[in-house]
Amino acid sequence: MTSPVLDLIDRVGSDAYLSASELDAGAPSATWLDRAWRLYEEEHDGFVGATLDPLCWRLEAPAVAIGRPDFDGRSVLVVGTGPSLGAQAPQLVAHRDRLCLVTSPRGAELLGDHGLAPDLVIVEHQAPVDARLSTRHVADRGGHNPLAGVPLVAITPHTPAALLGGVDPGRVFVLDPAPTWGNWIATAVAAAARGGAARVGLVGIDLGRPHQPDPSAAATIRLLSLVADAMTIPCVDCGTGAFKEGWGRGTIDDFAGRCARPLTITTTGHVDVRTRRDAVADGLSRLQPVIAWARGERAVAEAARDGRAWPLEGPLMEIAAELDRLGVRPTRRRDIQETLGVAFAPRLWRTGVDAALGPALWRPVLLALDEMVRQADHVTRAVARRAHAC
């Protein structure tokens, strides 16, 4: 089932909007919008970055279906790698046929150590660097991929192909709708609600101790509480970790539901490599005037950095103002973020440039322009390589 509030939460974390006012007309209520936007700003400084793909992994992933899992009244247990998983492993084994297990790639590894296999693995990262670390982890395992035997694997459009080695492409799908803030746990919870689960639970999602939450997990705890409040099904924490508002406490013995049939997905489309490549090429074409401008103005910022011209405060302020204007139009803003995969200009759109920097304005200006130019060159080469491969 769809949920307007869950959809709103997804949209806030998509980085497609610069202010809550851009979302106001389509929000189910001002209260929900305020809660979601406040979390977005306080925990992520108004920019998550989970949809960025600076390395163009979207051009390398195998052709996959788009769809969503059908949980059909099951008890969906989201399994993390926290300490409570080990303590609860005997209960997981005892009730395995009455649970639908959803986890991450590393959660699949840990479940395997207990002789268990998940029904669904969600491969999702909050930042490109996290995805790169995951690919290194697979390489360090000597190429053994814990996903090879998983019935279903849900990915994002920019999941690295290296993480899917040995996995039957017929068991891989892009999760629709868009994932929740790049946080696979919140994504799994929201997918359970959307897919008709009877209840959703957590185990191994500890995030600290009952009265001592891990400060580094504050954003996840708040997001899980927000998502739980938006749902109409019971949310039960079967672990022993930090308290999460909106989540009751319970045991796996009580949480387990009826016998679970094999999980299926409802496909809603298909994205082949050629279509993805053409979409990126179209984005590059639309951005050519912007890229040419950035390439030319980068020289001004470089001159200021090297002390080769003076005074430069006026020209630098003009460039900063134009950078800010690039983010005003939503379609162009999305083109820059999604096609080029840049992070610095989108952050400047949200924070603005401090005019008090004076001659030191070259620093943020040069960082933004240089990233845009370098990414434009990188994406152009990636499209050309993919065109040759096709």
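As the structure is a prediction and not an experimental result, all values here were calculated from the model.

A. View of the overall build of the protein. Helix and strand content of the protein: 13 helices and 12 strands. Taking 2.2 N^0.38 as the reference for a compact globule, 390 residues should give roughly 21 Å; the C-alpha atoms of the protein span a radius of gyration of 23 Å, in line with that estimate. Oriented by its inertia axes, the alpha-carbon framework of the protein measures out at about 75 × 50 × 40 Å. With 390 residues in all, the protein has 52% of them scored as buried.

B. Main features of the pattern of salt bridges. Summed over all chains, the structure comprises 19 salt bridges. The salt bridge partner of Glu322 is Arg325, with a shortest N-O separation of 2.8 Å. Placement of the pair is Glu322 and Arg325 together in helix H10 (residues 313-326), with a separation of 3 residues, close to one helical turn. Residue Glu322 is classed as partly exposed on the basis of its relative accessible area, which comes to 24%. Residues Arg374 and Asp370 are paired through a salt bridge, measuring 2.7 Å at the closest nitrogen-oxygen approach.

C. Representation of the sheet that holds strand S1 (residues 64-70) within the structure. If you walk across this open sheet you meet the 10 strands as S11-S10-S7-S2-S3-S4-S5-S6-S1-S12, and the pairing is mixed. Only two strands of the sheet have a single partner each, and these edge strands are strand S11 (248-249) and strand S12 (264-271). The pairing of strand S2 (residues 75-79) with strand S3 (residues 100-103) spans 4 bridges and is parallel. Paired with Val76 across the bridge in S3 is Cys100. With respect to the sheet, helix H3 (residues 83-94) is in contact with S2, S3 and strand S7 (199-203), its orientation differing from that of S7 by roughly 130°.

D. Quick peek at the packing of helix H1 (residues 4-12) against helix H6 (residues 184-194). Where H1 meets H6, the axes come as close as 11 Å, and the angle between the chain directions of the two elements is 150°. Considering their axes alone, H1 and H6 lie roughly antiparallel with respect to each other. Considering how the two elements wind past one another, H1 and H6 form a crossing that is left-handed. For the pair H1 and H6, contact is made by Leu6, Asp7 and Asp10 and by Ala190, Ala193 and Arg194, respectively. Here the contact of H1 with H6 is composed, by residue class, of 3 nonpolar, no polar and 3 charged.

E. Structural detail: the packing of helix H9 (residues 273-306) against helix H11 (residues 330-340). Where H9 contacts H11, the two axes come as close as 10 Å, and the packing angle between them is 120°. Judged on the interaxial angle alone, H11 and H9 are oblique. Handedness of the H9/H11 crossing: left-handed. On H11, the residues that touch Val280, Gly283, Leu284, Arg286, Leu287 and Val290 of H9 are Arg332, Asp335, Ile336, Thr339 and Leu340.

F. Expanded view of the packing of aromatic side chains. In the structure shown here, the tally under the stated rule is 2 aromatic pairs. Each ring, one from Tyr40 and one from Trp181, has its centre 5.8 Å from the other, and the planes form 85°; the classification is edge-to-face. In this pair, Tyr40 sits in helix H2 (residues 30-44) while Trp181 sits in the loop between strand S6 (172-175) and H6, placing the two residues 141 residues apart along the sequence.

G. Here's a closer look at the pairing of S1. For S1, the tally of buried residues reaches 5 of 7 residues, placing the bulk of the element in the interior. Judged from the 7 bridges that link them, S1 and S12 form a sheet pairing that is antiparallel. Within S12, the residue paired with Arg68 across the bridge is Thr266.

H. A look at the environment of Ile9. Its location among the elements puts Ile9 in helix H1. Looking at Ile9, the relative accessible area reads 1%, which means it is buried. Residues Ile9 and Ala36 lie 27 residues apart in sequence; the distance between their C-alpha atoms is 6.1 Å. Excluding its chain neighbours within four sequence positions, the residues that come into contact with Ile9 are Thr180, Trp181, Leu223, Leu226, Val227 and Ala230.

Parameters at a glance
Residues numbered from 1 in each chain as written. Predicted model: local features only at pLDDT ≥ 70, side-chain atom pairs only at ≥ 80, totals over all residues. Heavy atoms only, no water. Helix = DSSP H or I, 4+ residues; strand = E, 2+ residues; numbered from the N terminus. Rg over C-alpha atoms; globule rule 2.2 N^0.38 Å. Buried < 20%, exposed > 50% of the residue type's maximum accessible area, 1.4 Å probe, protein only. Salt bridge = Lys/Arg side-chain N within 4 Å of Asp/Glu carboxyl O. Pairing = 2+ DSSP bridges. Contact = heavy atoms within 4.5 Å. Axes fitted to C-alpha atoms, helices over the stretch in contact; angles between N-to-C directions. Parallel < 35°, antiparallel > 145°, perpendicular 65-115°, else oblique. Left-handed = near helix turned anticlockwise from the far one by under 90°. Nonpolar A, V, L, I, M, F, W, Y, C, P; charged D, E, K, R; others polar. Phe/Tyr/Trp six-rings, centres within 6.5 Å; stacked < 30°, edge-to-face > 60°.

Honestly, it's all geometry; don't read function into it.
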